[in-house]
Amino acid sequence: MLLRRDRTMIAILIMLDVAFHAGRNGTISAADIAERAGLARRGIEPLLQTLSRSGLLESVRGPRGGYRLGRPRRDILLSDILSVITAEDNTDDGPVGGLFQKVVEPCWQEFDTMLDEECRKISLDDLVRRAEHAGMRRPLPEPITFSI
């Protein structure tokens, strides 16, 4: 989990961006997410697809399409995001040997366990509230207009 920190941090940022700017009902385009994060759209597409396949995000097609949360933000924990992203990162290309297997790997497993326990305490709703407390402004919904 910790070894791929860059990928998991970007996934958390994507989920927070969608929660903060779109929520459960609105949608946000991949281009908007990438622009706000300062990342290339093609770079975040695989993460968006992974998060969509897992059900954490919902992909909406069409002119008003984009991404929205697959569940209420209070029901999505950081541990949910981490488990989805790190499930794809389990490869056997790592180091081998006695020191790694008997010392480094068990130590890393302890860190992973501690991190997972802490991430089970924090939801996307908590992160949205932290953003609001930090002075971040959520976009105002567009007013409803009628034409006859």
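Residues numbered from 1 in each chain as written. Predicted model: local features only at pLDDT ≥ 70, side-chain atom pairs only at ≥ 80, totals over all residues. Heavy atoms only, no water.

- Going by what an unreviewed UniProt entry lists, the protein chain is known as Rrf2 family transcriptional regulator and is assigned to Komagataeibacter swingsii.

**Some words on the overall build of the protein chain**
And then number 1: Within the protein chain one finds six helices and two strands.
And then number 2: In sequence order, the protein chain lays out its α and β elements as α-α-α-β-β-α-α-α.
And then number 3: Burial statistics for the protein chain: of 148 residues in total, 32% are counted as buried.
And then number 4: Element-wise, carbon and sulfur atoms account for 53% of the exposed surface of the protein chain, whose accessible area totals about 10,000 Å². (Helix = DSSP H or I, 4+ residues; strand = E, 2+ residues; numbered from the N terminus. Buried < 20%, exposed > 50% of the residue type's maximum accessible area, 1.4 Å probe, protein only. Areas by Shrake-Rupley, 256 points an atom, 1.4 Å probe, with all protein chains shown as cover.)

**What about the environment of Ala22?**
And then number 1: Positionally, Ala22 belongs in the loop between helix H1 (5-21) and helix H2 (30-37).
And then number 2: In this structure the C-alpha to C-alpha distance between Ala22 and Gly66, which are 44 residues apart in sequence, comes to 9.7 Å.
And then number 3: The residues contacting Ala22, other than those within four sequence positions of it, are Asp17, Thr27, Ile28 and Tyr67. (Contact = heavy atoms within 4.5 Å.)

**Re the side chain of Ser123**
And then number 1: Its place among the elements puts Ser123 in the loop between helix H5 (98-119) and helix H6 (124-133).
And then number 2: Exposure remark for Ser123: the relative accessible area of 7% places this residue in the buried category.
And then number 3: Leaving out residues up to four positions away in the same chain, Ser123 has contacts with Arg73, Arg74, Ile76 and Leu77.

**Let's talk about the nonpolar core**
And then number 1: Ranked by size, the top nonpolar core spans 32 residues in total, and within it Met15, Leu51, Leu57 and Ile81 carry the most contacts.
And then number 2: For this core, the secondary structure elements donating two or more residues are H1, H2, helix H3 (41-54), strand S2 (66-69), helix H4 (78-87) and H6.
And then number 3: Element by element, the count of residues in this core is highest for H1, at seven residues.
And then number 4: Not counting residues up to four positions away in its chain, the partners in contact with Ile81 are Ala11, Ile12, Met15, Leu51, Leu56, Ile76 and Leu124. (Core = buried A, V, L, I, M, F, W, Y, C linked by side-chain atoms within 4.5 Å.)

**So, the environment of Glu58**
And then number 1: Mapped onto the secondary structure, Glu58 falls in strand S1 (residues 57-60).
And then number 2: Between the C-alpha atoms of Glu58 and Arg71, which are 13 residues apart in sequence, the distance is 8.7 Å.
And then number 3: Residues in contact with Glu58, not counting those within four places in the same chain, are Arg24, Gly66, Tyr67, Arg68, Leu69 and Gly70.

**So, the pattern of salt bridges**
And then number 1: A complete count under the given rule lists nine salt bridges for this structure.
And then number 2: Connected through salt bridges with shared partners, the residues Arg73, Asp125, Asp126 and Arg129 form a single ionic network. (Salt bridge = Lys/Arg side-chain N within 4 Å of Asp/Glu carboxyl O.)

**Points about the packing of H2 against H3**
And then number 1: At their nearest, the axes of H2 and H3 sit 9 Å apart, and the two run at 115° to each other. For the element pair H2 and H3, the recorded crossing hand is right-handed. Of H3, the residues touching H2 (which contributes Ala30, Ala31, Ile33 and Ala34) are Arg41, Ile44, Glu45 and Leu48.
And then number 2: Residues that form the contact of H2 with H3 fall into these classes: six nonpolar, no polar and two charged. (Axes fitted to C-alpha atoms, helices over the stretch in contact; angles between N-to-C directions. Left-handed = near helix turned anticlockwise from the far one by under 90°. Nonpolar A, V, L, I, M, F, W, Y, C, P; charged D, E, K, R; others polar.)

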